[in-house]
Amino acid sequence: VQLQASGGGLVQTGGSLRLSCAASGIFFSINDMAWYRQGPGNQRVLVARVTRGGSTRYADSVKGRFTISRDNARSTVDLQMNSLKPEDTDVYYCFAQISRGAVPYNYWGQGTQVTVSS
């Protein structure tokens, strides 16, 4: 099972970016999917999470600006980031909890850099 993330880049303050992540491989089902962020020397922290049924949860810092969505048929999760701020700059990682048989496993995609210039 692999998670392939894309969509990071450099944008000015107030701009938008869309991150995408696709799961591939052989698996039974995908439970929660999410996006996390991590800066140098910092722990990886949750940005947004979406359940298989579509319930969402956001970090307070991104509420009203970011929107997480998923396509269960395509095994993808996206993060639409609007009104970006310099403090949003970080490496962003997609996450998926995937069931292979009865056991769930946590998977991470490779990081994608998001840089917001002031």
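A quick note: this is a predicted structure, and the numbers were derived from the prediction, not measured.

A. View of the nonpolar core. Among the nonpolar cores identified, the biggest contains 28 residues, and Trp35, Val47, Phe66, Ile68, Leu79, Met81 and Tyr92 are the most heavily contacted of them. If you list the elements that add at least two residues to this core, you get strand E1 (2-6), strand E3 (17-24), strand E4 (29-38), strand E5 (45-50), strand E7 (66-71), strand E8 (76-81), strand E9 (90-100) and strand E11 (112-117). Aside from chain neighbours lying at most four places away, what touches Met81 is Gly15, Ser16, Leu17, Leu19, Arg65, Phe66, Tyr92 and Val114.

B. Expanded view of the packing of aromatic side chains. Scanning the model with the defined rule gives three aromatic pairs in all. Ring geometry for Tyr36 against Phe95: centres 5.9 Å apart, planes inclined by 65 degrees, an arrangement best described as edge-to-face. Separated by 59 residues along the polypeptide, Tyr36 in strand E4 and Phe95 in strand E9 bring together distant segments of the chain. Pair check on accessibility: Tyr36 and Phe95 agree, each one buried. By way of ring pairs, the aromatic residues Tyr36, Phe95 and Trp108 are connected into one cluster. Across from the ring centre of Tyr93, 3.6 Å away, lies the NZ or CZ of Arg44, which sits over that ring.

C. The side chain of Gln80, seen in detail. Its place among the elements puts Gln80 in strand E8. Reaching out from Gln80, the side chain makes a polar contact with the side chain of Arg18 at a distance of 2.9 Å. A polar contact is formed between the side chain of Gln80 and the side chain of Asn82, at a distance of 2.9 Å.

D. Region of interest: the pattern of salt bridges. Scanning the model with the defined rule gives six salt bridges in all. Salt-bridge contacts for Arg49 lead to Asp32; the nearest nitrogen and oxygen are separated by 2.9 Å. Linking Arg49 in strand E5 with Asp32 in strand E4, this pair joins segments that are 17 residues apart in sequence. For Asp88, the salt bridge is made with Arg65, and the minimal N-O distance between the two is 2.8 Å. Here Asp88, found in the loop between E8 and E9, pairs with Arg65, found in the loop between strand E6 (56-58) and E7; they are 23 residues apart in sequence, far enough to count as distant. Taking relative accessible area as the criterion, Asp88 reaches 1% and is therefore assigned buried.

Quick notes on the rules
Each chain has its residues counted from 1, following the order in which its sequence is written. The predicted origin of the model limits local features to residues at a pLDDT of at least 70 and limits the giving and counting of side-chain atom pairs to 80 or more, whereas totals for whole chains, interfaces and linings rest on all residues. Water and hydrogen atoms were dropped before computing side-chain values, which therefore reflect all heavy atoms in the structure. We define the nonpolar core as a collection of buried residues of types Ala, Val, Leu, Ile, Met, Phe, Trp, Tyr and Cys that are connected through side-chain atoms lying within 4.5 Å of one another. For every residue, the accessible area (1.4 Å probe, protein chains only) is compared with the maximum for its type, and the residue is labelled buried under 20%, exposed over 50%, or partly exposed between those bounds. Secondary structure follows DSSP: runs of H or I at least 4 residues long count as helices, runs of E at least 2 residues long count as strands, and numbering of each begins at the N terminus. A contact between two residues is defined here by any heavy atoms of the two lying within 4.5 Å. Any two rings among Phe, Tyr and Trp, with Trp reduced to its six-membered ring, count as a pair given centres within 6.5 Å; such a pair is stacked if its planes are under 30 degrees apart, edge-to-face if over 60, and tilted if neither. Criterion for a charge above a ring: Lys NZ or Arg CZ within 6 Å of the ring centre, and within 35 degrees of the ring normal. Polar contacts here mean pairs of N or O atoms no more than 3.5 Å apart (in protein, one a potential hydrogen donor and the other a potential acceptor; neighbouring residues in sequence count only if both atoms are side-chain atoms). Definition used for salt bridges: Asp or Glu carboxyl oxygen within 4 Å of a side-chain nitrogen of Lys or Arg.

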